[in-house]
Amino acid sequence: MPKDVGERKGVGISPGGARRVPRQDDVRILTPRQIYEHLDRYVIGQEAAKRAVATAAHQHLKRIEQRRLGAKTLLRKTNLLLMGPTGSGKTHIARNLAELLEVPFTVVDATEYTEAGYYGKDVEVMVAELLFKSGHSIDATERGIIFIDEVDKIARRSGSSRTGAGSRDIGGEGVQQALLKLLEGREIFVPLNVTQHWNKHDFVQVDTSDILFICAGTFTDLHQAQVDKHVGFGAEKRRQGGSRLRVKELIEYGMLAEMLGRLPVQVQLSELTPDELYQVLTTPPDALTKEYREALKLDGVDLELRDPALRAIVQYAVDKRLGARGLRSILEEVLADVLFEAPELRGQSIVVDRVFVEKRLVGLDAAALRDE
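All values reported here derive from a predicted model rather than from experimental measurement.

The subject of this paragraph is the overall build of the chain. Helices and strands together make up the secondary structure of the chain, namely 17 helices and nine strands. Across the 372 residues that make up the chain, the buried fraction comes to 50%. Long-range pairs, those at least 24 residues apart, make up 74% of the contacts in the chain between residues at least 6 apart in sequence. Accessible surface computed for the chain: about 18600 Å², of which carbon and sulfur atoms make up 49%.

Dropping the structure here:
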């Protein structure tokens, strides 16, 4: 272990420029309502998800405080599983939670990891990334949050599916089994160099007992089945994620029961309504319309996005099931010429109306805008 790891303990500044993390005695115990109100400013809809995340984060901070004081506590980790269709706000909730909580936070993609002994990342590397974000402070790392995205992509594959009988599932069930020890809480050896995790020399011991894990997945096939299997009057009004997924369905999908048991808080997110998508465009402090207005204002151009134009963009996103994430891609396509010519139009005003938007949506390839 490098000599300066102990000296940097709690300092929270890494050579690679990771953001500052406060010392252990600086941790604030925010109430669930304080956390919820912060999330509510930036995240449209998903009330149940915001409340569940706020409560779990509050319990996480209380547990850390009790253990830091040396008190014996019965509080257990409230790891979360967020389930919902693409563009429903899973990653956005986690990203805004990270801005509020003064603990290290990292986002990892479950599909990058493989079972130990195979080419690819071992699951310990996700803790190594958290260690880097904390400025190599072990104390800060042990109270951080890891967001594991695309967790549905590591579902167990049955022996008779796609690739033939008996194929070894090194990127699915094996990864789930490897994650069990991290989710439960165990002292593990974490590589200090994230980019050379195959180098078995420089390791440090980290206890994952107080690291909060937030797992997220679309479980696309299950959500699609929920919508498609209902026929008759009113069926077209059903939204993806509208009915709750049961544990039995998740196990049949390929998730290990042991892993679901270590994710006690399971939150269902629903597909955003047209009105909610409109609010995503206009309401939050970091709304897309405000972002593009500011970008063009720096070029000396005033941009006016009229309400019917925004409604047309929302309707296109709803029809193509692109979700909130697709709104940026649509706006980029619609405003492509405006953004290109903006520096040459200094001092002018540009009005974007419904006709302007519809002309540019005609030849737009919706499939190319999807992230799946």
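A separate point is unusual backbone geometry. For E150, which is not glycine, the phi dihedral falls at a positive 55 degrees. Mapped onto the fold, E150 is located in the loop between β3 (145-149) and α7 (173-184). The backbone of R321 sits at a positive phi, close to 55 degrees, despite the residue not being glycine. A relative accessible area of 32% places R321 in the partly exposed class.

Counting 41 residues, the largest nonpolar core has M126 and L179 as its most contacted members. Elements with a minimum of two residues in this core: β1 (80-83), α5 (124-133), β3, α7, β4 (187-191), β5 (203-207), β6 (212-217) and α10 (257-261). Excluding residues that lie within four positions of it along the chain, M126 makes contacts with T106, V108, Y113, I146, I148, L179, L182 and F213. In terms of nonpolar packing, the next biggest core, distinct from the first, is built from 34 residues, V314, L335, V357 and L364 among them.

If you walk through the whole model with that rule in mind, you get 14 salt bridges. K153 is the salt-bridge partner of E150, the closest N and O atoms lying 2.8 Å from each other. The partly exposed category is assigned to E150, whose relative accessible area is 21%. Judged by relative accessible area, K153 falls into the partly exposed class, the value being 32%. Each of the salt bridges in this network shares a partner with another, and the network as a whole consists of D40, E47 and K50.

Summarising burial for helix α4 (residues 90-100): eight of the 11 residues are buried, a large majority. Those residues of α4 that sit buried are K90, T91, I93, A94, N96, L97, A98 and L100.

Here we take up the confidence of the model for the chain. Confidence along the chain averages 79 in pLDDT terms, with 78% of residues attaining 70 or more. No element of the chain has a lower mean pLDDT than helix α1 (residues 4-7), which averages 43, and none a higher one than helix α2 (residues 32-42), which averages 93. Note on residues 1-24: pLDDT is under 50 here. Beyond four places in sequence and across chains, it has 49 contacts. Contacts for the low-pLDDT stretch residues 159-168, under 50 throughout, to residues beyond four places or in other chains number six contacts.

So, about the sheet that holds strand β2 (residues 105-109). A sheet is described by the order of its strands in space; here five strands give the open sequence β2-β3-β6-β1-β7, paired in parallel fashion. Either end of the sheet is taken by a strand with one partner, and the two such strands are β2 and β7 (265-268). Across this sheet, the average inter-strand angle for adjacent strands is 20 degrees, counted without regard to direction. Across four bridges, β1 lies against β7 in parallel orientation. Across the sheet, the residue bridging to L80 is V265, located in β7.

Another aspect to go through is the side chain of S134. Topologically, S134 is positioned in the loop between α5 and α6 (138-141). Here T141 takes part through its side chain, which lies 2.7 Å from a polar atom of the side chain of S134.

Rules used in this analysis
- Residues numbered from 1 in each chain as written.
- Predicted model: local features only at pLDDT ≥ 70, side-chain atom pairs only at ≥ 80, totals over all residues.
- Heavy atoms only, no water.
- Helix = DSSP H or I, 4+ residues; strand = E, 2+ residues; numbered from the N terminus.
- Buried < 20%, exposed > 50% of the residue type's maximum accessible area, 1.4 Å probe, protein only.
- Contact = heavy atoms within 4.5 Å.
- Areas by Shrake-Rupley, 256 points an atom, 1.4 Å probe, with all protein chains shown as cover.
- Core = buried A, V, L, I, M, F, W, Y, C linked by side-chain atoms within 4.5 Å.
- Salt bridge = Lys/Arg side-chain N within 4 Å of Asp/Glu carboxyl O.
- pLDDT = per-residue confidence, 0-100.
- Pairing = 2+ DSSP bridges.
- Axes fitted to C-alpha atoms, helices over the stretch in contact; angles between N-to-C directions.
- Polar contact = N/O pair within 3.5 Å; in protein donor to acceptor, adjacent residues only side chain to side chain.

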